[in-house]
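Chain residues, written in single-letter form:
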Protein chains: 2
Amino acid sequence: MKIILDAMGGDNAPQAIVQGAVDAQSEFGVDIILVGRESEVNACLVQCKAQDNPHIRVVNADEVIDMHDDPAHAVRRKKNSSMAVALQMLKDGEGDAAISAGSTGALLTGATLLVKRIRGIRRAAMAPVMPNGGKGVVLIDCGANVECTAEYLLQFGFMGSYYSHNILGCDNPRVGLLNNGSEDSKGTPLCKEAYALLKSAGEAGRLNFIGNVEGTDVFSGKVDVIVADGYSGNILLKTVEGTVKFLMKNLKGMMMKSVKTKLGALLLKDDLKGLKKLLDVSEVGGTAFIGITKPVIKAHGSSNARAIRSAVKQAIDFTNMGVIEDIERNIEHMVLREEPDKE
Amino acid sequence: MKIILDAMGGDNAPQAIVQGAVDAQSEFGVDIILVGRESEVNACLVQCKAQDNPHIRVVNADEVIDMHDDPAHAVRRKKNSSMAVALQMLKDGEGDAAISAGSTGALLTGATLLVKRIRGIRRAAMAPVMPNGGKGVVLIDCGANVECTAEYLLQFGFMGSYYSHNILGCDNPRVGLLNNGSEDSKGTPLCKEAYALLKSAGEAGRLNFIGNVEGTDVFSGKVDVIVADGYSGNILLKTVEGTVKFLMKNLKGMMMKSVKTKLGALLLKDDLKGLKKLLDVSEVGGTAFIGITKPVIKAHGSSNARAIRSAVKQAIDFTNMGVIEDIERNIEHMVLREEPDKE
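Residues numbered from 1 in each chain as written. Chains lettered and ligands numbered in written order. Predicted model: local features only at pLDDT ≥ 70, side-chain atom pairs only at ≥ 80, totals over all residues. Heavy atoms only, no water.

### Let's talk about helix 11 (residues 305-320) of chain B
Residue and element names in this part refer to chain B.
Next, step 1: The terminal C-alpha atoms of helix 11, which comprises 16 residues, lie 23 Å apart, in line with the 22 Å expected from a rise of 1.5 Å per residue.
Next, step 2: Where burial is concerned, most of helix 11 is hidden: 12 out of the 16 residues are buried.
Next, step 3: Taken as a whole, helix 11 has its buried residues at Ala305, Ala307, Ile308, Arg309, Ser310, Ala311, Val312, Gln314, Ala315, Ile316, Asp317 and Phe318.
Next, step 4: Immediately beyond the C-terminal end of helix 11, within one or two residues, lies glycine 322, with a positive phi of roughly 75°. (Helix = DSSP H or I, 4+ residues; strand = E, 2+ residues; numbered from the N terminus. Expected span 1.5 Å × (residues − 1). Buried < 20%, exposed > 50% of the residue type's maximum accessible area, 1.4 Å probe, protein only.)

Listed below in structure tokens is the structure:
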């Protein structure tokens, strides 16, 4: 298996990307293609003592897409950027999966334009896995699609379910619709329409729809896949982030208050690390773009080497575990009407 | 000042309501009217040794609105319910503010139908204060209005700002629009339209609009009022609740793991209480319905006596601090078009 990495994307590129790729290569035995400015990438490989690793290849790309580039056009305008070259190589079959820690919008647009959506899928979705102390909760979509139709949400339900089953190992994943209450009648018109579609799919035995779920359910263990439009999914995801950060900061402040509390903190040190690890996104990998014909993974912009290594693991699983094949096989149940002319 | 309490609403009614009212009466020196089944309420007063308190009056109401009643019609159908009687008394000027821990939907509909909205206000909003380690963040709306227009959101911005300024003591409260990114161009069509209205109001010096805020900003200290439609506001609120609960549970589990961790926890005991208190909704009071002509406070359904006492304090502040007067005085800047015929 060959994993293509955009070596120039992300806050800590190229060093963290190269280091993570080197670690993943030795741990998982895959082939790695690093795309980016050859001299810089090679210098990082030397630093990692991996310049002679025959499983790591460097492909030159002079340009870099940065946060100032318009995401909608970046990949087309900068055809020689590391991200565009990585995606084009994936499309051309020179690798099995692509990973970038660069601009989310540019990567999503690039994946859609170059690698293409699966036939019948209306929109690719961003589906991060939120650590919940168990197998994790798939949140689909978390921001790629601000405006959705009910059909998109139905497709997100199916795609999230296959991801949860195949990658996270959930038996019969419980799919819930994010809403402002658990009663059937809750929500916006979009929610109500999506509810009806998901319910029908559930009744036909095609997915395990458990009804509406609320923000309180993210960590309750009662749901494996949360279906949401990208606007509310993003609010959920960011609110979890903000709340965890606030609590951990206060917890830390509390522990540094006095000699007594410092001693208490010392006794709890190892276990606090466990708690931090439980919530650590760098253990989970990146955010998969689901609905694209080949695996594309968005690693966090702030990824360190550990997070990149996890993203490579996630790309390997995504490639091996047949999520894309499951979507293709079941697409007839996920489409409400014939596909209109391509946008 | 006279505060009217629905003595029968909430999971712990009437005992917790009566106890909280008795505590608040002695602490704040206000007059209290308890509305509910007279014999039950009187029995609770005896238990609290307050049966002879001349500042506490009981008004009989035989019916109770419960969770099985349709919120949209409960107050009209059960005219003799403790909630309906309490709201009618408020309307008739027999008290200055009303509090209920009963059905949120029924209380909101009842407040709108009986007590009425302020002239020009399109929708009353539910605006809980989220503890953030500072003066608190007003989240407006958190679930009363699932479908909103941009004008509603503009009004929420003003109302939240007056609440934050007058009740929480924020100078020039920073008003942010909840969105899936901080850039101006982000969000749904509703967000974009509301953004333009709030921006204009800001530029006219009528409120301090700071632009879009994300879920991560709830606790960041950079915003005092978060404007949201009730759907996404509810997702934010419930996600905070779920995340806090999950973290506290894991923290507790971690501390009970071994003799060593238990000892650590013992040393941190007092400070952990502080952290718990920081996040404790029963310190904050209830959720104010803003936009109604008189103060109506929804206490949490699970309110204990302490939470009811805080809700009474909140009702006193709401009555004294001129939020309603500020809204009435500035209504011309909050209305886009002439009010259509009353629904």
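Picking up where we left off.
### A word on the interface of chain B and chain A
Next, step 1: Opposite the 49 residues of chain B that make contact, chain A presents 49 residues.
Next, step 2: Carbon and sulfur atoms supply 73% of the area buried between chain B and chain A, which totals about 4,400 Å² over both sides.
Next, step 3: Summed over the three residues of chain B that lose the most area to chain A, namely Tyr231(B), Phe246(B) and Leu267(B), the buried surface amounts to 15% of that side.
Next, step 4: For the pair chain B and chain A, the number of links is 4 salt bridges.
Next, step 5: A salt bridge links Lys257(B) to Asp271(A), with the shortest nitrogen-to-oxygen separation between them at 2.7 Å.
Next, step 6: Linking chain B with chain A are 8 residue pairs in polar contact (both at pLDDT 80 or more), by the criterion used here.
Next, step 7: Secondary structure elements with two or more residues in the side of chain B that touches chain A: helix 7 (189-203), helix 8 (230-255) and helix 9 (259-278) of chain B.
Next, step 8: The element contributing the most residues to the side of chain B that touches chain A is helix 8 of chain B, with 18 residues.
Next, step 9: Looking at the side of chain B that touches chain A residue by residue, the classes come out as 23 nonpolar, 17 polar and 9 charged. (Contact = heavy atoms within 4.5 Å. Buried area = accessible area lost by both parts, 1.4 Å probe. Salt bridge = Lys/Arg side-chain N within 4 Å of Asp/Glu carboxyl O. Polar contact = N/O pair within 3.5 Å; in protein donor to acceptor, adjacent residues only side chain to side chain. Nonpolar A, V, L, I, M, F, W, Y, C, P; charged D, E, K, R; others polar.)

### Observations concerning the packing of helix 6 (residues 150-166) of chain B against helix 12 (residues 323-330) of chain B
Residues and elements named next belong to chain B.
Next, step 1: Between helix 6 and helix 12, the shortest axis-to-axis distance is 9 Å and the interhelical angle comes to 140°. Accordingly, the angle class assigned to the pair helix 6 and helix 12 is oblique. As helix 6 packs across helix 12, the resulting crossing turns out to be right-handed. Contact residues: helix 6 offers Met159, Tyr162, Tyr163 and Asn166, while helix 12 offers Val323, Asp326, Ile327 and Asn330.
Next, step 2: Residue composition of the contact of helix 6 with helix 12, grouped by class: 5 nonpolar, 2 polar and 1 charged. (Axes fitted to C-alpha atoms, helices over the stretch in contact; angles between N-to-C directions. Parallel < 35°, antiparallel > 145°, perpendicular 65-115°, else oblique. Left-handed = near helix turned anticlockwise from the far one by under 90°.)

### Focus on the sheet that holds strand 3 (residues 56-60) of chain B
All names here are of chain B.
Next, step 1: Strand order in the open sheet formed by 7 strands is 3-2-1-4-12-11-5, and the pairing between neighbours is mixed. Each edge of the open sheet carries a strand with a single partner, namely strand 3 and strand 5 (125-127). Averaged over neighbouring strand pairs, the angle between their axes works out to 25° when direction is ignored.
Next, step 2: Taken together, the 3 bridges between strand 5 and strand 11 (residues 287-290) define a ladder with antiparallel strand orientation. Along strand 11, the bridge assignment pairs alanine 127 with alanine 288.
Next, step 3: With respect to the sheet, helix 1 (residues 15-28) is in contact with strand 1 (2-6), strand 2 (31-36) and strand 3, its orientation differing from that of strand 2 by roughly 170°. (Pairing = 2+ DSSP bridges.)

### Quick look at empty space enclosed by the protein
One way to see where empty space is left: roll a probe the size of a water molecule over the atoms.
Next, step 1: Evaluation of the coordinates by the stated rule reveals 1 cavity of 30 Å³ or more.
Next, step 2: Taken together, Leu247(A), Met248(A), Leu251(A), Leu275(A), Leu247(B), Met248(B), Leu251(B) and Leu275(B) form the lining of the largest cavity.
Next, step 3: Every element with two or more residues in the lining of the largest cavity is listed here: helix 8 (230-255) of chain A together with helix 8 of chain B.
Next, step 4: Looking at the lining of the largest cavity residue by residue, the class counts come to 8 nonpolar, no polar and no charged. (1 Å grid on protein atoms, 1.4 Å probe; cavity = no way out; pocket = protein on both sides within 12 Å on 5 of 7 lines; lining within 4 Å. Points joined across faces, edges and corners; volume = space filled by probe spheres on them.)

### Section: helix 2 (residues 38-47) of chain B
All names here are of chain B.
Next, step 1: Residues of helix 2 that are buried include every one of Val41, Cys44 and Leu45, and no others. Buried residues along helix 2 cover an arc of 100° about the axis, so they all sit on one side. Turned more than 90 degrees off the buried face of helix 2, the exposed positions are Ser39 and Gln47.
Next, step 2: Looking at the buried positions of helix 2, the neighbouring elements they touch are helix 1, strand 2 and strand 3.
Next, step 3: Positive backbone phi, at 55°, marks lysine 49, one or two positions downstream of helix 2. (Arc of directions from axis to C-beta.)

### Points about the confidence of the model for chain A
Next, step 1: Overall, the predicted model of chain A reaches an average pLDDT of 93, with 97% of residues at or above 70.
Next, step 2: On the interface metric, ipTM, the complex scores 0.90, and its pTM is 0.92. (pLDDT = per-residue confidence, 0-100.)

### A look at the pairing of strand 4 (residues 97-100) of chain A
All names here are of chain A.
Next, step 1: Taking every second residue as pointing to the same face, both faces of strand 4 are buried, with Ala97 and Ile99 on one and Ala98 and Ser100 on the other.
Next, step 2: Direction of pairing for strand 1 (residues 2-6) relative to strand 4: parallel, over a ladder of 3 bridges. For isoleucine 4, the partnering residue across the bridge sits in strand 4 and is alanine 98.
Next, step 3: Taken together, the 3 bridges between strand 4 and strand 12 (residues 296-298) define a ladder with parallel strand orientation. Residue pairing across strands places alanine 98 opposite valine 296, the latter belonging to strand 12.

### Some thoughts on the relation of the copies chain B and chain A
Next, step 1: The two copies are related by a screw operation: chain B maps onto chain A through 180° of rotation and 0.0 Å of translation along the axis, at an RMSD of 0.0 Å. Put plainly, the chains are arranged around a two-fold axis. Every residue of chain B has its C-alpha some distance from the rotation axis, and the shortest such distance is that of Gly264(B), at 1.9 Å.
Next, step 2: When the interface residues of chain B are mapped onto chain A, 100% of them again lie at the interface, so the same face is used by both copies. (Least-squares fit on C-alpha atoms with pLDDT ≥ 70 in both.)

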